[in-house]
Number of protein chains: 2
Amino acid sequence: MTSVTCVGLAVLDIVFGVGGVPARGQKTFAQSMTVAGGGPAANAAATIARLNGDARFIGRLGEDSIGDLILDDFAAWGVDASRVRRVSSASSPISTITVEPDGERTIVNYSDPLLFEPDHGLARNDVAGADAVLGDLLWPNGALSAMDLAREIGVPGILDFDHARPVAIDRALTAPTHIIFSAPALAEISGERDPASGLTAIRDRTESWLAVTLGADGTMWLGDGDEPRTAAAFDVEVADTLGAGDVFHGAFALGLAEHRSITDIIRRASAAAALKCTRFGGRIGIPSAEEVDEFLAWRSA
Amino acid sequence: MTSVTCVGLAVLDIVFGVGGVPARGQKTFAQSMTVAGGGPAANAAATIARLNGDARFIGRLGEDSIGDLILDDFAAWGVDASRVRRVSSASSPISTITVEPDGERTIVNYSDPLLFEPDHGLARNDVAGADAVLGDLLWPNGALSAMDLAREIGVPGILDFDHARPVAIDRALTAPTHIIFSAPALAEISGERDPASGLTAIRDRTESWLAVTLGADGTMWLGDGDEPRTAAAFDVEVADTLGAGDVFHGAFALGLAEHRSITDIIRRASAAAALKCTRFGGRIGIPSAEEVDEFLAWRSA
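The rules behind each value
- Per chain, residues are indexed from 1 in the order of the written sequence.
- Written order determines the labels here, with chains lettered from A and ligands numbered from 1.
- Whole-chain, interface and lining totals are the exception, using all residues; otherwise, since this is a predicted model, local features are given only for residues with pLDDT of at least 70 and side-chain atom pairs are given and counted only at 80 or more.
- Processing note: side-chain calculations cover all non-hydrogen atoms of the structure and skip hydrogens and water entirely.
- When the copies are superposed, the least-squares fit takes in the C-alpha atoms of residues with a pLDDT of at least 70 in both.
- Residue contacts follow a heavy-atom distance rule, with two residues in contact if any of their heavy atoms lie within 4.5 Å.
- The secondary structure listing takes helices from DSSP runs of H or I that are at least 4 residues long and strands from runs of E that are at least 2 residues long, numbered from the N terminus.
- Put simply, a salt bridge is a Lys or Arg side-chain nitrogen that is within 4 Å of an Asp or Glu carboxyl oxygen.
- Per-residue accessibility, obtained with a 1.4 Å probe over protein chains only, is compared with the maximum for each type, and a residue is labelled buried under 20%, exposed over 50%, and partly exposed between these values.
- Residue-level confidence of the predictor is summarised by pLDDT, bounded by 0 at the bottom and 100 at the top.
- Each of two parts loses accessible area, computed with a 1.4 Å probe, when they are put together; buried area is these two losses added.
- By the criterion applied in these results, polar contacts are pairs of N or O atoms within 3.5 Å in which, for protein atoms, one can donate a hydrogen and the other can accept it, and in which residues neighboring in sequence qualify only through two side-chain atoms.
- Pairing of aromatic side chains here covers Phe, Tyr and the six-membered ring of Trp, requires ring centres within 6.5 Å, and sorts the geometry by plane angle: under 30 degrees stacked, over 60 edge-to-face, intermediate tilted.
- In this description, one arc is meant: the one made by directions from the helix axis to the C-beta atoms.
- Cysteine sulfur atoms are paired as a disulfide whenever they come within 2.5 Å of each other.
- What counts as an axis is a line fitted to C-alpha atoms, over the stretch in contact for a helix, and the angles between N-to-C directions run from 0 to 180 degrees.
- When describing relative orientation, an angle under 35 degrees is termed roughly parallel and one over 145 degrees roughly antiparallel, while 65 to 115 degrees is termed roughly perpendicular and anything else oblique.
- Take the far helix as the reference: if the near one is turned anticlockwise from it by less than a right angle, the crossing is left-handed, and if turned clockwise, right-handed.
- Throughout this entry, Asp, Glu, Lys and Arg are counted as charged residues, while Ala, Val, Leu, Ile, Met, Phe, Trp, Tyr, Cys and Pro are counted as nonpolar. The remaining residues, Gly among them, count as polar.
- Paired strands, in this sense, are two strands between which DSSP finds at least two bridges.

### Examining the relation of the copies chain A and chain B
(1) Moving on: Between the two copies, chain A and chain B, the superposition gives an RMSD of 0.0 Å; the rotation angle is 180° and the shift along the axis is 0.0 Å. Such a combination of turn and shift is consistent with a two-fold rotation axis. Proximity to the rotation axis, assessed at the C-alpha, singles out Thr-96 of chain A in chain A; its C-alpha lies 3.7 Å from the axis.
(2) Moving on: Of all interface residues in chain A, 100% are interface residues in chain B too; the two copies therefore contact each other through one and the same surface.

Written as structure tokens, this is what we have:
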């Protein structure tokens, strides 16, 4: 089985469905609630498991009951989280998210500074057997050391480059073999509002393969030619975009690990992300390999 | 050991310390977070255990990991929660609370309707051995059947009468032997803004002993005479009032179970609540019996 190691910050997501944004000083009763594991690379790992890959997640959690719960959720999804570091006396991260009827999301997150104290990142045996390594910048040292180790063992190192904690930009641009920017992160790093200009502006600063996800506008990447290429997003009825980017990254990393072509990889990752968007919820909306295959067969017909 | 059975709704409280109220559509990073069990009668049970009573809590929880976590917290506090009902496919209640630097609290709560579907309330063996029974109206059927059972076995039944789910007012006024109103609930039930007028207005509708907690203004109750009596609150430096009412109710119920005099009971309950106010956090701020004794000795000196 193709194996992908995902490195980042795992979170407990508590998502409340509310009629309106909670008014200051008041008590709001939510109409619905879901509790599930979250975090970019963590959701990507769940995606890889759903797509029949061998998924491992490595991150840092507190030695607390919330951390236990996050690990239980990984187990339920078939993600190997046995190498997660537990930091004593740290609190595990929680995000609470209120979702209004129009889809507007307001998020409060707590990430204990103890989880980000100087740490050693990953060791070589953490990535042993991996066919690809994926990292997010919520645990910068973990993700970037994972990118270094991926190069050492000769497998792709994919960085989910989104707004995150302070990070050494040049190192983050050069350590990965593949970088997938969020549109806001690319704009910030490149100083260009236009994604095509942004990718082109970054090209001189790194030898990494570069892409940017544009939501409903699809995916843009720099191929061999001078001009960025774009793959349209699948047109679906969107119920909830939460976690769609994470699903894309997970499917992308698995596709690279499986040595598929870039166009095939992006097509499959876009399909997985589109299917996720048709369902409410983050991790609970991740489609299976069979669902992605069916969707692609149907859309090709 | 004196035994008190507490009946109500147990909740997981996630309390975030934030610089300002989260702006709609934005992501706010909290500076601190505490995760602890909460709920009025549930916190009262923790108080009774801290005051060296034998505390039992009975409520309804989902059969989920959050429910397990709430039960673990009871165990850590020495509260017997073995009679808690687990409702399959229900979610256990969560409250997330953002606290701003000036102490302003904004709360989002989810309580699964499945927890409030028609239920049988308590059975007689649930209160076996209890020297007093305390209920809150977040689980109306549970609390009011507990009041009935307290009368049956000849022990005090104390109702924490606060704003809550829809409830049959006349039944809630007559089932308990003792009612402690919150000031807003008394105003609403009596139609009187002034607490003394409120208590007097209610007097004709019930034979229960009646009191109202007034925060920094102390406690007012109807004694044998015509005029309400008032006990001042202890003057302390307030850090956080969260849970202070619950502590008062717990100490009050234990005092009744121990057959203390009303003035002694209110004095001890006020001391316990005042000590709680000097500490940040809800359940984690509950004082021990020794701390209450010391405080009272010091304040009497």
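### Overview of unusual backbone geometry
Residue and element names in this part refer to chain A.
(1) Moving on: Phi at Asn-52 takes a positive value of approximately 70°, unusual for a residue other than glycine.
(2) Moving on: Note on placement: Asn-52 falls in the loop between helix H1 (40–50) and strand S5 (54–58).
(3) Moving on: Residues other than glycine seldom take positive phi values, yet His-259 does so here, at roughly 60°.
(4) Moving on: Considering the arrangement of structural elements, one finds His-259 in the loop between helix H7 (244–257) and helix H8 (262–277).

### What about the pattern of salt bridges?
(1) Moving on: One pass over the structure, following the stated rule, counts 34 salt bridges over all chains.
(2) Moving on: One salt bridge in this structure joins Arg-24 of chain A and Asp-102 of chain B, with 3.0 Å as the shortest N-O distance. Taken as a pair, Arg-24 of chain A in the loop between strand S2 (11–17) and strand S3 (27–29) and Asp-102 of chain B in the loop between strand S8 (94–99) and strand S9 (105–110) lie in two separate chains rather than in one.
(3) Moving on: Of the residues examined, Arg-24 of chain A reaches a relative accessible area of 38% and is grouped as partly exposed.
(4) Moving on: Look at Asp-102 of chain B and you get exposed, because its relative accessible area is 58%.
(5) Moving on: Between Asp-73 of chain B and Arg-283 of chain B there is a salt bridge; the shortest N-O distance is 2.9 Å. Taken together, the residues Asp-73 of chain B in helix H2 (residues 65–76) and Arg-283 of chain B in the loop between helix H8 (262–277) and helix H9 (289–300) connect sequence positions 210 residues apart. Here the two residues Asp-73 of chain B and Arg-283 of chain B agree in accessibility, since each one is buried.

### Some words on the confidence of the model for chain A
When pLDDT drops low, the exact placement of atoms in the prediction is not to be read closely.
(1) Moving on: On average, residues of chain A carry a pLDDT of 94, and 100% of them reach 70 or more.
(2) Moving on: Of the two predicted TM-score estimates for the complex, the pTM is 0.85 and the ipTM is 0.83.

### A word on the interface of chain A and chain B
(1) Moving on: Of the residues lining the interface, 34 residues belong to chain A; the matching set on chain B comes to 34 residues.
(2) Moving on: Taking both partners together, chain A and chain B bury about 2,800 Å²; carbon and sulfur atoms supply 66% of that area.
(3) Moving on: Of all residues in chain A, Arg-24, Met-33 and Tyr-110 of chain A give up the largest surface area on contact with chain B, accounting jointly for 23% of the area buried on that side.
(4) Moving on: In this assembly, chain A and chain B are joined by six salt bridges.
(5) Moving on: Across the contact surface, chain A and chain B share 14 residue pairs in polar contact (both at pLDDT 80 or more).
(6) Moving on: Put simply, the parts of the chain that give the side of chain A that touches chain B at least two residues each are S2, S3, strand S4 (32–38), helix H2 (65–77), strand S8 (94–99) and strand S9 (105–110) of chain A.

### Considering the packing of aromatic side chains
Where two aromatic rings form a pair, the distance of their centres and the angle of their planes describe that pair.
(1) Moving on: Applying the stated rule across the entire model yields 12 aromatic pairs over all chains.
(2) Moving on: Aromatic side chains Phe-161 of chain B and Phe-181 of chain B sit 4.9 Å apart centroid to centroid with 35° between the ring planes, which places their arrangement in the tilted category. Of this pair, Phe-161 of chain B sits in strand S11 (residues 157–161) while Phe-181 of chain B sits in strand S12 (residues 178–182), placing them 20 residues apart in sequence.
(3) Moving on: Taking relative accessible area as the criterion, Phe-161 of chain B reaches 3% and is therefore assigned buried.
(4) Moving on: By way of ring pairs, the aromatic residues Trp-209, Phe-248 and Phe-252 of chain A are connected into one cluster.

### Thoughts on helix H6 (residues 195–202) of chain A
Residues and elements named next belong to chain A.
(1) Moving on: Buried within H6 we find Gly-198, Leu-199 and Ile-202. Down the axis of H6, the smallest arc covering the buried residues is 95°, so these residues share one side.
(2) Moving on: For H6, the elements touching its buried residues are helix H4 (169–174), strand S12 (178–182), helix H5 (183–190), strand S13 (209–213) and strand S14 (219–222).

### Structural notes on the state of the cysteines
(1) Moving on: Within this structure, the stated rule accounts for zero disulfides over all chains.
(2) Moving on: For Cys-6 of chain B, which is in no disulfide, the shortest distance to another cysteine sulfur is to Cys-277 of chain B and amounts to 19 Å.

### Quick word on the packing of helix H5 (residues 183–190) of chain B against helix H6 (residues 195–202) of chain B
All names here are of chain B.
(1) Moving on: Where H5 meets H6, the closest approach of the two axes is 9 Å, and the angle between their N-to-C directions is 50°. The pairing of H5 with H6 is recorded here as oblique in orientation. Regarding H5 and H6, the two cross each other, and that crossing is left-handed. Counting all contacts with H5, which are made through Leu-186, Ile-189 and Ser-190, the residues of H6 involved are Pro-195, Gly-198, Leu-199, Ala-201 and Ile-202.
(2) Moving on: Across the contact of H5 with H6, the residue classes break down as six nonpolar, two polar and no charged.

### Some remarks on the pairing of strand S10 (residues 132–136) of chain A
Residues and elements named next belong to chain A.
(1) Moving on: Taken across its five residues, S10 has five buried, putting it largely inside the fold.
(2) Moving on: Residues Ala-132, Leu-134 and Asp-136 of S10 are buried on one face, and the alternating residues Val-133 and Gly-135, pointing to the opposite face, are buried as well.
(3) Moving on: Sheet topology note: the strand S1 (residues 3–7)/S10 ladder contains four bridges and is parallel. Paired with Val-4 across the strands is Ala-132, a residue of S10.
(4) Moving on: Here S10 runs beside strand S11 (residues 157–161); their pairing, made up of four bridges, is parallel. Residue pairing in the sheet places Leu-134 in a bridge with Ile-158 of S11.

### Quick notes on the packing of H2 of chain A against H2 of chain B
(1) Moving on: In the contact formed by H2 of chain A and H2 of chain B, the axes pass within 11 Å of each other and the chain directions differ by 155°. Relative to H2 of chain B, H2 of chain A is oriented roughly antiparallel. Here H2 of chain A runs over H2 of chain B; the crossing is right-handed. For the pair formed by H2 of chain A and H2 of chain B, the contact residues are Ser-65, Ile-66 and Leu-69 of chain A on the first element and Ser-65, Ile-66 and Leu-69 of chain B on the second.
(2) Moving on: Looking at the contact of H2 of chain A with H2 of chain B residue by residue, the classes come out as four nonpolar, two polar and no charged.

### With respect to the environment of Ile-14 of chain A
(1) Moving on: Mapped onto the secondary structure, Ile-14 of chain A falls in strand S2.
(2) Moving on: Overall, the relative accessible area of 0% leaves Ile-14 of chain A in the buried class.
(3) Moving on: Placed 253 residues apart in sequence, Ile-14 of chain A and Arg-267 of chain A show a C-alpha to C-alpha distance of 31 Å.
(4) Moving on: Leave out the neighbours within four places in its chain, and Ile-14 of chain A touches Met-33, Thr-34, Val-35, Ile-94, Ser-95, Thr-96 and Ile-97 of chain A together with Ile-14 and Ile-94 of chain B.

### Structural notes on the sheet that holds S10 of chain A
As a general point, the strands of a sheet are linked pairwise by backbone hydrogen bonds and lie either parallel or antiparallel.
Residue and element names in this part refer to chain A.
(1) Moving on: In spatial order, the strands read S5-S1-S10-S11-S12-S13-S14-S15; together these eight strands make up an open sheet with mixed pairing. In this open sheet, the two strands that pair with only one neighbour each are S5 and strand S15 (228–231). Taken pair by pair, the neighbouring strands of this sheet meet at an average axis angle of 20°, ignoring direction.
(2) Moving on: Packing of H5 onto the sheet brings it into contact with S11, S12 and S13, and relative to S12 it is tilted by some 100°.
(3) Moving on: H8 rests against S13, S14 and S15 of the sheet, and its axis sits at about 160° to S14.

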